[in-house]
Amino acid sequence: MPLFVGPYEKMRIFYTRSKLENFCKESQGRLSFVPTMGALHDGHMKLVQAAKKEGSLVLVSIFINPKQFNNLNDLDKYPVNLIGDLSLLKQNEVDAVFIPTANDVYSEDTNSNVELPNVASVWEGAFREGHFQGVVDVLSSFYHLIKPKQVFFGQKDLQQCMVVGEMMNTYFPNIEFNMVPTHREKSGLAYSSRNERLSEEGRNTASQIFKSLNSLKNNFNESCLSEERKKITKAGIEIEYLEKISLPEMQVDRSCSNQGAIIFAGYLEGVRLIDNILF
Ligand code: AMP
């Protein structure tokens, strides 16, 4: 039973595959798709705005994909704000929203046999076992159903962009992939649904991450890297990784070349934060 049809009459809201299927058939060839897990913020809206610029119909999905969580505690604590999400999407004049259940996304006929590219085995792939398989499985299910013209992802999840971009080259070469730059708060902290779980003080502390990324981008060598690691740790953030890497392979590259990216993952107040900066 659709809950929010009344106040959002212009924006279509679909709760089942079968209802969405008709909409997708009617709009085939014109759909720009933005997959999300909800608890939407201004960073997500940058993706919506980029999708809208193309003049196509914008479809946003809200689905907390259980398959991509390696940690049940993280899944349990993942923020949910459906009413706020729908209001934000309406303000941004999104054409349609898809809010499926796990049963609808993972029915027998949507089993994906998508193999992960090598770049999925390092960093997030190593620290969050099964994460990227969950990501490509849900996207494969969505793409078969929606058949979008193009899709939009955030640079905030750089490795996700690398993994998804490569899997799309192999399995969905007709769908256009777009990466949108990371949107940040004034302090430099990247917008993230997980920031909601940080205290005011934690948000201030977390701004050290971007300061360090920026500083390493401007001047990279091994001693600067260990200096920035110390600063982040001293601020109270537990580092999982802070490293300079090559792209698109995402292998460690400690050379002083102005190529690749600096990537970060770590914990603050029990919240896992990731960020990156491109050279
Ligand atoms: P999520 O809901 O966290 O799965 O994110 C959905 C999409 O929004 C992903 O492609 C993210 O990379 C993107 N995204 C999340 N935060 C930001 C941000 N601060 N700037 C740009 N894109 C973002």
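What you see is a predicted model; the values in this text were computed from it and never measured.

Asker: I'd like a rundown of the packing of helix α7 (residues 131-146) against helix α8 (residues 158-171), residues and numbers included.
Answerer: Contact geometry of α7 with α8 gives a least axis separation of 11 Å together with a crossing angle of 50°. It follows from the interaxial angle that α7 and α8 lie oblique. Crossing geometry of α7 relative to α8 is assigned as right-handed. Side by side, α7 and α8 meet where Phe132, Val135, Val136, Leu139, Ser140 and Tyr143 of the first sit next to Gln159, Gln160, Val163, Val164, Met167 and Met168 of the second. Within the contact of α7 with α8, the residues separate by chemical class into nine nonpolar, three polar and no charged.

Asker: Describe the sheet that holds strand β7 (residues 238-245), and please don't skip the residues or the numbers.
Answerer: Strand order in the open sheet made by the three strands is β7-β8-β9, with antiparallel pairing throughout. This sheet does not close on itself; its edge strands, each paired only once, are β7 and β9 (271-278). Here the average twist between neighbouring strands, direction ignored, is 10°. Across seven bridges, β7 lies against strand β8 (residues 261-268) in antiparallel orientation. Bridge pairing in β8 places Glu243 opposite Ile263. Packing of helix α9 (residues 200-218) onto the sheet brings it into contact with β7, β8 and β9, and relative to β9 it is tilted by some 25°. Sitting on the sheet, helix α10 (residues 222-234) is in contact with β7 and β8, with an inclination near 155° to β7.

Asker: Let's hear about the domain arrangement of the protein chain: which residues, and what values?
Answerer: Segmentation of the protein chain into domains returns domain 1 (6-180) and domain 2 (193-278). On a C-alpha basis, the centres of domain 1 and domain 2 stand 26 Å from each other. Taken together, the contact pairs 22 residues of domain 1 with 22 residues of domain 2. Across the interface of domain 1 and domain 2, roughly 2,000 Å² is buried in total on both sides, 57% from carbon and sulfur atoms. Area buried by domain 1 at its contact with domain 2 is led by Trp123, Phe127 and Leu158, which between them contribute 31% of it. At the surface where domain 1 touches domain 2, the tally comes to three salt bridges. Across the pair Glu124 and Arg272 runs a salt bridge, and its minimum N-O distance is 2.7 Å.

Asker: Which residues make up the packing of aromatic side chains, and what values go with them?
Answerer: Taken as a whole and judged by the stated rule, the model has 11 aromatic pairs. Both rings, one in Phe33 and one in Tyr143, keep their centres 6.5 Å apart while their planes meet at 80°; by these two values the pair is edge-to-face. A residue pair is termed long-range when its members are at least 10 positions apart, and Phe33 in strand β2 (residues 31-36) and Tyr143 in helix α7 qualify at 110 residues. Judged on exposure class, the residue Phe33 and its partner Tyr143 are both buried. Aromatic side chains Phe127 and Tyr241 sit 5.7 Å apart centroid to centroid with 45° between the ring planes, which places their arrangement in the tilted category. With Phe127 in helix α6 (residues 124-127) and Tyr241 in strand β7, this residue pair connects regions lying 114 residues apart in the sequence. Here a set of aromatic residues connected by ring pairs shows up, and it is made of Phe33, Phe63, Phe98, Tyr106, Phe142, Tyr143 and Phe172. Here the guanidinium or amino end of Lys244 rests over the ring plane of Phe279, the centre of that ring lying 5.5 Å away.

Rules and cut-offs
- Residues numbered from 1 in each chain as written.
- Predicted model: local features only at pLDDT ≥ 70, side-chain atom pairs only at ≥ 80, totals over all residues.
- Heavy atoms only, no water.
- Axes fitted to C-alpha atoms, helices over the stretch in contact; angles between N-to-C directions.
- Helix = DSSP H or I, 4+ residues; strand = E, 2+ residues; numbered from the N terminus.
- Parallel < 35°, antiparallel > 145°, perpendicular 65-115°, else oblique.
- Left-handed = near helix turned anticlockwise from the far one by under 90°.
- Contact = heavy atoms within 4.5 Å.
- Nonpolar A, V, L, I, M, F, W, Y, C, P; charged D, E, K, R; others polar.
- Pairing = 2+ DSSP bridges.
- Domains from an automatic or database assignment.
- Buried area = accessible area lost by both parts, 1.4 Å probe.
- Salt bridge = Lys/Arg side-chain N within 4 Å of Asp/Glu carboxyl O.
- Phe/Tyr/Trp six-rings, centres within 6.5 Å; stacked < 30°, edge-to-face > 60°.
- Buried < 20%, exposed > 50% of the residue type's maximum accessible area, 1.4 Å probe, protein only.
- Lys NZ or Arg CZ within 6 Å of the ring centre and 35° of its normal.

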